[in-house]
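Overview (structure and organization)
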Amino acid sequence: NVETIAPPPSNTAKPQQQKKKKEKLSALCKTPPSIVRTRNGRDYRRGNFLGEGGFARCFQMKDSSGQIYAAKTVAKASIKNEKTKTKLLSEIKIHKSLKHANIVNFIDCFEDDVNVYILLEICPNQSLMELLKTRKRVSEPEVRFFMVQIVGAIKYLHSRRVIHRDLKLGNIFFDPDMNLKIGDFGLATVLPSNSTRKYTICGTPNYIAPEVLGGKNTGHSFEVDVWAIGIMMYALLVGKPPFQAKDVQVIYERIKKTEYGFPEDKPISDSAKALIKDLLSLNPIHRPTIDEILSYEWFKGPFPEKTHELSLNGTPSGLD
Ligand code: ADP
């Protein structure tokens with residue numbers, strides 16, 4: 001358990017020693033020990049490196065029964081200030097409280113001298129981002145299948161007053177059975193009441209809702225997740241996010257004016273366009289709520305039986 005994340009030790013050594021210590025610490029943090037023992041005596045064996053984000057590195061971890069997990073590993077040396085510490089504790093608290101078939105399951109959390117470990121259900125088949133990279137575009141039946149799972153998970157989050165705030169293709173993973181699991185609760189927040197608004201500017205450029213860019217004036221709420229669902233649906237069907245540009249400022253200008261189109265050489269159905277148009281409404285109150293999304297006409301179209309692993313390497317498993 002991680003109620004106490006000790007701050008990094010204060011440094012009183014000389015500059016040269018300090019540098020060496022820093023290098024050693026950095027090397028240690030990059031590769032956590034091969035065996036991690038928890039406070040209650042359980043041993044986990046570290047396996048392959050899985051990936052890294054802005055904050056954490058992820059490794060496979062095996063328990064003594066051979067069960068494999070993903071360990072999100074955060075170096076204590078990187079938890080420099082109170083704000084970062086509070087953010088990590090908040091991510092842990094929120095993620096720990098969630099249980100849903102389409103949310104990465106939180107297993108345990110522990111620490112040693114150098115790292116904090118968040119043990120998660122393993123998602124060995126990467127994320128929707130890698131799927132889109134290999135497939136370029138995804139068929140409508142498959143996207144429909146993915147959307148039902150994503151909307152179900154967000155419905156659960158919103159019913160518990162949790163806003164994810166960083167929904168994007170790279171944060172939606174495949175489990176071994178190719179079911180989708182939403183992960184990374186690093187920017188999630190719990191609203192004290194349904195009418196509370198949040199004012200922190202956060203998210204990932206291509207996925208940020210216009211009211212988040214409005215910052216202090218407007219505030220934001222659950223509708224930012226609905227906006228991000230619209231971005232993901234568009235990206236999967238068209239092949240790239242709607243406001244994509246090299247320059248981040250250009251992306252923000254386009255978002256603020258909802259300046260996007262549907263390319264003629266990548267046709268999608270009218271019912272898909274109608275749903276995307278509503279999800280990407282400039283005014284958040286004009287967007288459907290998470291409970292309304294599945295009633296759209298587009299969801300009456302065909303579904304694949306099951307997305308199997310073939311869909312990862314270029315063979316669509318949809319029906320069209
Ligand atoms: P950060 O908070 O630093 O952005 P993430 O939660 O996005 O960290 O995780 C970083 C990377 O670790 C991901 O991009 C992915 O490659 C890998 N990863 C995260 N969670 C899992 C998981 N449950 N199973 C497998 N790999 C994972």
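Report on the accompanying structure.

Glancing now at the sheet that holds strand β3 (residues 57-62). Read from one edge of the open sheet, six strands run β1-β2-β3-β4-β6-β5, paired in antiparallel fashion. Of all strands in the sheet, those bounded by a partner on one side alone are β1 (35-37) and β5 (106-111). Averaged over all pairs of adjacent strands, the angle between strand axes in this sheet comes to 35°, irrespective of strand direction. Bridge count for β5 against strand β6 (residues 115-121) is five bridges, and the pairing is antiparallel. Across the sheet, residue F106 finds its bridge partner in β6, namely L120. Seen against the sheet, helix α2 (residues 82-96) touches β4 (68-75), β5 and β6 and runs at an angle of roughly 25° to β6.

We now examine helix α4 (residues 140-159). Since there are 3.6 residues in each turn of an α-helix, residues three or four apart along the chain are aligned in direction. Between the first and last C-alpha of α4 there are 28 Å, a value that for 20 residues agrees with the 28 Å anticipated at 1.5 Å per step. A large share of α4 lies buried, amounting to 16 of its 20 residues. Two residues or fewer past α4, R161 is found with a positive phi of approximately 60°.

With that out of the way, let us pick up the side chain of N206. By the secondary structure assignment, N206 is in the loop between β10 (189-190) and α5 (210-213). You can call N206 buried: its relative accessible area is 13%. Within the structure, the side chain of N206 is placed 2.9 Å from the side chain of Q244, a separation counted as a polar contact. Setting aside its immediate chain neighbours within four residues, N206 contacts I231, P241, F243, Q244 and I251.

A word on the nonpolar core. L128, F146, I150, I229, M233 and I293 are the most contacted members of the largest nonpolar core, which has 63 residues in total. Non-local contacts of L128, meaning those with residues more than four positions away in its chain, are made with F146, I150, L169, I172, F174, L180 and L236.

With phi around 60°, R161 is a residue other than glycine that occupies positive phi space. Along the chain, R161 turns up in the loop between α4 and β7 (162-163). With a relative accessible area of 32%, R161 lands in the partly exposed category. In the Ramachandran plot, M178 falls in the positive-phi region, its phi being about 65° despite a non-glycine side chain. Checked against the element boundaries, M178 lands in the loop between β8 (172-174) and β9 (180-182).

Parameters and conventions
- Residues numbered from 1 in each chain as written.
- Predicted model: local features only at pLDDT ≥ 70, side-chain atom pairs only at ≥ 80, totals over all residues.
- Heavy atoms only, no water.
- Pairing = 2+ DSSP bridges.
- Helix = DSSP H or I, 4+ residues; strand = E, 2+ residues; numbered from the N terminus.
- Axes fitted to C-alpha atoms, helices over the stretch in contact; angles between N-to-C directions.
- Contact = heavy atoms within 4.5 Å.
- Expected span 1.5 Å × (residues − 1).
- Buried < 20%, exposed > 50% of the residue type's maximum accessible area, 1.4 Å probe, protein only.
- Polar contact = N/O pair within 3.5 Å; in protein donor to acceptor, adjacent residues only side chain to side chain.
- Core = buried A, V, L, I, M, F, W, Y, C linked by side-chain atoms within 4.5 Å.

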